[in-house]
Amino acid sequence: MRELMARLTAAKAAARRLAILSDEARRDVLLRLAAALRTRTPELLEANAADVSEMPEGDPRRDRLALSEARVEAIAAATESVAALPDLLWEELEARTMPSGISIRRVRVPLGVVGCIYEARPNVTVDVAALCLRTGNVAVLKGGKEAARTNAALGALLADVLRAAGLPEATVTLLPPTHEAAEALMAAEGLVDALIPRGSARLIEAVRRQARVPVIETGAGVCHVYVHEDADLALAARVIDNAKTRRVSVCNALDCVLVHRALQARVPELLAPCRAKGVHFHEAPEDWGHEWLSMNLSVRVVDSLDAALDHIARYGSGHSEAIVTESPEAAERFRREVDAACVYVNTPTSFTDGGEFGLGAEVGISTQKLHARGPMGLAALTTYKWLIESRGALRP
C-alpha cells in the first residue's frame, strides 16, 4: 500500500506540470501515441491473445477484451481524433464587470488527477489516457486482471511515449490489477480529483459505496426501443437489429423492445432480422430491466405511449432510450418525458458513443446528472475557476 500511495503522490505532482503544458505539446504526445500503437501492434496483439485465451468462450466480456489489427487501428485513429479537437483549456465560459468595479471571468481548467477503475476493456487504457492528456489531466488507471498482459504492454508503450516527449511517466500511471490497487485509488483523498468506474453494475456500485474521493458514475445500460403504433415497420426492424446485434457486449446495446398493442401481430416481422442472427427472445416480467450483454432480448407489448414511458421510467437505467414513430407529437413527448442521458427518435441506441458524438473518444457514459451526463469527452474532464481583478476595488 505504501508503494501504491507513493505512485499516486507522484501522479499528483505531475499534474501541476501537465496543467501548464502548451496545446502544441499536448497534441504532439497524442500523435506520438497513435504512431506507437501502429508500430507496436504485433506485441499488443500477442499480449492480448494470451489474455483472451484465459477467458471462457461464453463470457460476454470476451468481445470487449479482444483486440485485432482493425481494433488497434481504430484506437490509434481515435487518439488522432482527440488530438485534432480544439483546445478547451482556458476557454472563457462567461465574463462580466460588476458595479463594484471588479471584472470576473469563468474559465475552463483541468480536473487534475483523474482515476479510472475498469474491467476487461484495454481500449479504455488508451482512450482515457488520450482524453486526459488532451485536457491537461494526469490519468491513473486500474484495469482488471482479465486484461493484465494487454494493459502491461500498453503501459510500457505509454511510458516510452511519455519519456520521448519529455514528460514524467507518472503522467499516465497504470496501477497493478489488484484489489489493493483499487482500494488505494478509492482512498486517495487529496491525491485524486475524480474517480470514474467503468464496467459492470456491480463494479460501479462497489466504487460508489467505498470511494472516499469524488466519483462520476458511468452506469450500466438497460436500453429500450419503443415501436409506436404509427411506426414505419421496416425502419423499426432495422433500428432494433442495429441496436441489438451490432455489438451485443457493449452498454448501448438494446435490452428490451416495447411494441404498441396495435402492432402485436407484426412483432415477428419486427424481430425477424434479429431472429435470423440467433437472438433469443424473452417475454417474462422477471426479465424486464435486465442488461443482457449477449444475444438475448426482452420483448413486451404495451397498450400505449404512456405505458411505454411508465415501463422505461421503472426499468430503464438512464442510459439510452429510443422511439420509432412517424408522429412528431409522440416523438416530442418521448424526448421530453424520458429521463435518460441519450434519447433517440428513429435511430438505434448504438450511436451512444463518444466517437459518434464527435468527442473523439470517451471516458465512459455517465448516467448521473451532476457534472457530466452521457458520453464523457474532453469537456467532462475539465472544471472551471473564477478569475477576478480590479484597480483596487474595495468591498464596502
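It should be noted that the structure appears before, not after, this text.
Okay, so let's go over this structure. A quick note: this is a predicted structure, and the numbers were derived from the prediction, not measured. (Residues numbered from 1 in each chain as written. Predicted model: local features only at pLDDT ≥ 70, side-chain atom pairs only at ≥ 80, totals over all residues. Heavy atoms only, no water.)

What follows is about the pattern of salt bridges. Enumeration according to the criterion identifies 37 salt bridges in this entry. Here Arg 62 and Glu 57 are joined by a salt bridge, their closest N and O atoms 3.5 Å apart. Take Glu 57: its relative accessible area is 66%, and that puts it in the exposed class. Between Asp 59 and Arg 61 there is a salt bridge whose closest N-O contact spans 2.9 Å. Residue classification places Arg 61 among the partly exposed residues on the basis of a relative accessible area of 27%. (Salt bridge = Lys/Arg side-chain N within 4 Å of Asp/Glu carboxyl O. Buried < 20%, exposed > 50% of the residue type's maximum accessible area, 1.4 Å probe, protein only.)

We now examine the packing of aromatic side chains. Considering all chains together, one arrives at 2 aromatic pairs under this definition. Measuring from centroid to centroid gives 6.2 Å for Tyr 384 and Trp 386, while their planes differ by 90°, and the two rings are edge-to-face. Judged by relative accessible area, Tyr 384 falls into the partly exposed class, the value being 42%. Overall, the relative accessible area of 41% leaves Trp 386 in the partly exposed class. (Phe/Tyr/Trp six-rings, centres within 6.5 Å; stacked < 30°, edge-to-face > 60°.)

Read from one edge to the other, the open sheet built from 6 strands follows the order E9-E10-E8-E7-E11-E12, with strand pairing classed as parallel. The open sheet has two edge strands with one neighbour each: strand E9 (280-282) and strand E12 (342-345). Between one strand axis and the next, the sheet turns through 20° on average, direction left out of account. Note: E9 against strand E10 (residues 296-302), 3 bridges, orientation parallel. Its bridge partner being in E10, Phe 281 is matched across the sheet by Leu 297. Each of strand E7 (223-227), strand E8 (254-260), E9 and E10 touches helix H11 (residues 267-276); the most contacted strand, E10, lies at about 170° to it. (Pairing = 2+ DSSP bridges. Helix = DSSP H or I, 4+ residues; strand = E, 2+ residues; numbered from the N terminus. Axes fitted to C-alpha atoms, helices over the stretch in contact; angles between N-to-C directions. Contact = heavy atoms within 4.5 Å.)

A surface patch of nonpolar side chains, amounting to about 330 Å² of accessible area, comprises Tyr 384, Trp 386 and Ile 388. Along the chain, the position of Trp 386 falls in strand E15 (residues 382-389). (Patch = residues over 30% accessible without salt bridge, like charges linked within 9 Å, V, L, I, M, F, W, Y side chains within 5 Å. Areas by Shrake-Rupley, 256 points an atom, 1.4 Å probe, with all protein chains shown as cover.)

What follows concerns the environment of Ile 365. Along the chain, Ile 365 falls in strand E13 (residues 365-366). In this structure, the C-alpha to C-alpha distance between Ile 365 and Asp 127, residues 238 residues apart in sequence, is 13 Å.

A word on the environment of Thr 347. Residue placement: Thr 347 occurs in the loop between E12 and E13. With relative accessibility at 25%, the residue Thr 347 sits in the partly exposed group. On a C-alpha basis, the gap between Thr 347 and Glu 321 in space is 9.7 Å, while along the polypeptide they are 26 residues apart.

The next thing to look at is empty space enclosed by the protein. Overall, the coordinates contain 2 cavities of 30 Å³ or more when judged by the stated rule. The computed volume of the largest cavity comes to approximately 60 Å³. Around the largest cavity, the lining residues are Arg 61, Arg 64, Tyr 118, Glu 119, Ala 120, Arg 121, Val 124, Arg 198 and Gly 199. Tallied by class, residues from the lining of the largest cavity come to 3 nonpolar, 1 polar and 5 charged. Taken as a whole, the second largest cavity encloses approximately 40 Å³ of empty space. Considering the residues around the second largest cavity, the lining is formed by Leu 37, Leu 44, Leu 67, Val 72, Ile 75, Val 126, Thr 150 and Leu 154. (1 Å grid on protein atoms, 1.4 Å probe; cavity = no way out; pocket = protein on both sides within 12 Å on 5 of 7 lines; lining within 4 Å. Points joined across faces, edges and corners; volume = space filled by probe spheres on them. Nonpolar A, V, L, I, M, F, W, Y, C, P; charged D, E, K, R; others polar.)

This part is about the pairing of E10. Along E10, 5 of the 7 residues are buried, which leaves the element largely enclosed by surrounding structure. As paired strands, E8 and E10 are joined by 5 bridges and run parallel to one another. In the strand pairing of E10, Val 257 is matched with Val 299.

Moving on, we get to the sheet that holds strand E2 (residues 103-110). Pairing in this open sheet of 3 strands is antiparallel, and the strands run E1-E2-E15 from one edge to the other. Here the strands that pair on one side only, and so sit at the sheet edges, are strand E1 (92-97) and E15. Neighbour to neighbour, the strand axes of the sheet diverge by 20° on average, direction disregarded. Judged from the 5 bridges that link them, E1 and E2 form a sheet pairing that is antiparallel. For Arg 96, the partnering residue across the bridge sits in E2 and is Ile 104.

The next point concerns the layout of surface pockets. Estimated volume of the second largest pocket: approximately 180 Å³. If you trace the second largest pocket, you find it lined by Ala 201, Ile 204, Glu 205, Glu 217, Gly 219, Ala 220, Val 222, Ser 317 and Thr 367. When grouped by side-chain class, the residues that make up the lining of the second largest pocket number 4 nonpolar, 3 polar and 2 charged.

Looking now at the side chain of Arg 108. With respect to the helices and strands, the residue Arg 108 is situated in strand E2. Relative accessible area serves as the criterion here: at 16%, Arg 108 is assigned to the buried category. Side chain to side chain, Arg 108 and Thr 382 meet in a polar contact 3.0 Å long. With residues up to four places along the chain from it excluded, the contact list for Arg 108 reads Leu 88, Leu 89, Trp 90, Glu 91, Leu 93, Ala 379, Thr 382, Thr 383 and Tyr 384. (Polar contact = N/O pair within 3.5 Å; in protein donor to acceptor, adjacent residues only side chain to side chain.)

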